[in-house]
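What the coordinates show
The lines below spell out each chain.
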Amino acid sequence: MDSPAGMHDIHPIRPNALAGSPLDRSAHHRTDDAWIAAQRGDPATLYAPVWRARSLMRTASSGVAEACLIPAAAIPQIDALPWAFLGLLDGGPVFCIDLSLLDAPLPDLADAVFQDLRRVGGAVAPQDAAIMAHARGLMHWRSRHRFCGVCGAACIFASAGHVAHCQGCGTHHFPRTDPAVIMLVTDGTRALLGQPNAFRNVRVFTTLAGFVEPGESLEEAVAREVFEETGIRVARVRYHSSQPWPFPSSIMLGFHADAVTRDIVTDTDELVEARWFTREELLAAEGFILPPGFSIARRLIDDWLGA
Ligand SMILES: [Zn+2]
């Protein structure tokens, strides 16, 4: 699939993995109930299926995985399952649908398999990965907003799956994305990386990261997270790029920052270890691994190494 017009202007180098979707979100169609109903009524309309946080993929003989979009006619109980309109692909509508209620979804698609995009993302065609990320994130939000967080009454979905409307108090709930900052801190010649406790069994060193808290700017979140996890103070926090990260509902906001102190105090609740690495040590990567190329963490590291 070709890049959408203007993509080059948005991403002067290249989009991060999971960004760069070829879909035109075509938001004006969401509130056109007659148009949505007509597309939904067409047995040939394509759906990106999600099943228990997994996406339907087909792996080519080259080893590259592709999104498997299936026609409405192939989906059992289609009217009973949560869905949303994703957008237009080459002018044709694409919806997503959550098959999690089915124990054995789509048994006839022998060559297509539901897989966890987070685990296999590096092997997926980039634009297909973006479509699957979109579908997974939206269906996760729908699954978490069946009931109103204000009054507890049931919600019904409007705007082609993009608004949860509470039947009790009338509150409208919209799809949410939780901002997280991720940052490569350097001191001019060395980069600060940590081994997260979550990856205790794999000696992976990666950039620091954390969620933005209420009442906090992104720059403040970067400085706070770095200090909490490593005791390092930073200055000159500079935005790099971002990456949708629907695992389950984040966007990673990437930064570079300069260290103004050097002595590390590792927060062992978060990290096994934090260390300074020279460029040579990172390029050699002996005795440890760096995060996968699929991740913005690796992009932040690679762009510093290439600078
Ligand atoms: Zn309510």
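Residues numbered from 1 in each chain as written. Predicted model: local features only at pLDDT ≥ 70, side-chain atom pairs only at ≥ 80, totals over all residues. Heavy atoms only, no water.

1. Side note on the overall build of the protein chain
Spelled out, the test is: Where helices and strands are cited, they refer to DSSP runs of H or I of at least four residues and of E of at least two residues respectively, numbered from the N terminus. Each residue is assigned to one of three classes by its accessible area relative to the maximum for its type, calculated with a 1.4 Å probe on protein chains only: buried under 20%, partly exposed between the two thresholds, exposed over 50%. Surface accessibility follows the Shrake-Rupley procedure with a 1.4 Å probe radius. Residue values consider only the protein chains on display as shielding. Counting rule applied: Lys, Arg positive; Asp, Glu negative; His and chain ends not counted. To locate a charge, take NZ of a lysine, CZ of an arginine, CG of an aspartate or CD of a glutamate.
For the protein chain, the count of helices and strands is seven helices and 16 strands. The principal-axis extents of the C-alpha atoms in the protein chain amount to approximately 60 × 50 × 40 Å. Classification of the 307 residues of the protein chain by burial places 47% in the buried group. Accessible surface, the protein chain: about 15200 Å² in total, of which carbon and sulfur atoms supply 53%. A gap of 3 Å separates the mean positions of the 26 positive and 35 negative side-chain charges of the protein chain.

2. A few points about the coordination of the zinc ion
Where we set the bar: Listed donors are limited to N, O and S atoms within 2.8 Å of the metal, widened to 3.2 Å for Na, K and Ca; water is not among them, so incomplete-looking sites are possible. In short, tetrahedral needs four donors with all angles between 85 and 135 degrees, square planar needs four and octahedral six donors with opposite donors over 155 degrees apart and all other angles between 65 and 115, and whatever is left is irregular.
Ligation of the zinc ion by protein atoms is provided by Cys148 (SG), Cys151 (SG), Cys166 (SG) and Cys169 (SG), these donors lying 2.2 to 2.4 Å from the ion. Between the four donor atoms coordinating the zinc ion, the angles at the centre fall across 96 to 118°, so the site counts as tetrahedral. For the zinc ion, all donor residues lie on one chain, and their spacing in sequence is C-x2-C-x14-C-x2-C. Within this pair, whereas Cys148 is found in the loop between helix H4 (126–143) and strand E8 (155–158), its partner Cys169 is found in the loop between strand E9 (163–166) and strand E10 (172–173), the two being separated by 21 residues in sequence.

3. Description of the domain arrangement of the protein chain
What counts is decided by this rule: Residue ranges labeled as domains rest on an automatic or database domain assignment. In this analysis, two residues are considered to be in contact whenever any of their non-hydrogen atoms come within 4.5 Å of each other. The buried area of a pairing is the accessible area, by a 1.4 Å probe, that goes missing from both parts when the two are put together, added over both. Within this document, salt bridges are pairs made up of a side-chain nitrogen of Lys or Arg and a carboxyl oxygen of Asp or Glu, the two lying within 4 Å of each other. Definition of a polar contact: a pair of N or O atoms within 3.5 Å, with one able to donate and the other able to accept a hydrogen when the atoms are protein atoms, and with sequence-neighbouring residues admitted only if both atoms are side-chain atoms.
For the protein chain, the assigned domains are domain 1 (27–144) and domain 2 (178–305). Of note, the centres of domain 1 and domain 2, computed from C-alpha atoms alone, are 33 Å apart. With eight residues of domain 1 in contact, the opposing surface of domain 2 contributes six residues. Taking both sides of the interface into account, the surface hidden between domain 1 and domain 2 amounts to around 670 Å²; carbon and sulfur atoms contribute 73%. The largest share of the area that domain 1 buries against domain 2 comes from Arg118, Arg136 and His140, three residues that together contribute 60% of it. Where domain 1 touches domain 2, the interface holds zero salt bridges. There are zero residue pairs in polar contact (both at pLDDT 80 or more) connecting domain 1 and domain 2. Broken down by secondary-structure element, the contributors of at least two residues to the side of domain 1 that touches domain 2 are helix H3 (117–120) and H4.

4. Here we look at helix H2 (residues 33–40)
Quick note on the threshold: The directions from the helix axis to the C-beta atoms form the arc being described.
For H2, the set of buried residues is Ile36, Gln39 and Arg40. The buried side chains of H2 occupy one side of the element, clustering within an arc of 100° when seen end-on. Each element contacted by the buried residues of H2 is listed here: strand E1 (46–51), strand E5 (83–89) and strand E6 (92–98).

5. Thoughts on the sheet that holds E8
So the rule is basically this: Here the rule is simple: two strands pair whenever DSSP picks up at least two bridges between them.
Ordered by their spatial adjacency, three strands build an open sheet running E8-E9-E10, and the pairing between neighbours is antiparallel. Looking at the sheet topology across the chains shown, the edges are occupied by E8 and E10. Across four bridges, the pairing between E8 and E9 is antiparallel. Bridge pairing links Phe157 to Ala164 in E9.

6. A look at the pattern of salt bridges
For the structure on display, the rule yields 16 salt bridges. A salt bridge links Asp116 to Arg136, with the nearest nitrogen and oxygen atoms 2.8 Å apart. Of this pair, Asp116 sits in the loop between strand E7 (113–115) and H3 while Arg136 is found in helix H4, placing the two residues 20 residues apart along the sequence. Between Arg224 and Glu213 there is a salt bridge whose closest N-O contact spans 3.8 Å.

7. Overview of the confidence of the model for the protein chain
Short version of the rule: The pLDDT score gives, residue by residue, the confidence of the prediction method on a 0 to 100 scale.
Summarising the model, the protein chain shows a mean pLDDT of 94, and 96% of its residues fall at 70 or more. Across residues 1–8, confidence stays below pLDDT 50; counting only partners more than four residues off in sequence or on other chains, it has eleven contacts.

8. A closer look at the pairing of strand E13 (residues 208–211)
Where burial is concerned, the two faces of E13 differ: the one with Leu208 and Gly210 is buried and the one with Ala209 and Phe211 is not. As judged from the four bridges shared by strand E11 (residues 178–186) and E13, these two strands associate in the antiparallel manner. Considered in E13, the bridge of Val181 is made with Gly210.

9. Focus on the side chain of Thr206
Tracing the chain through its elements places Thr206 in the loop between strand E12 (190–196) and E13. Accessibility expressed as a relative area gives 12% for Thr206, which makes it buried. Those residues in contact with Thr206 that lie beyond four places of it in its chain are Leu193, Gly194, Pro196, Pro291 and Ala297.

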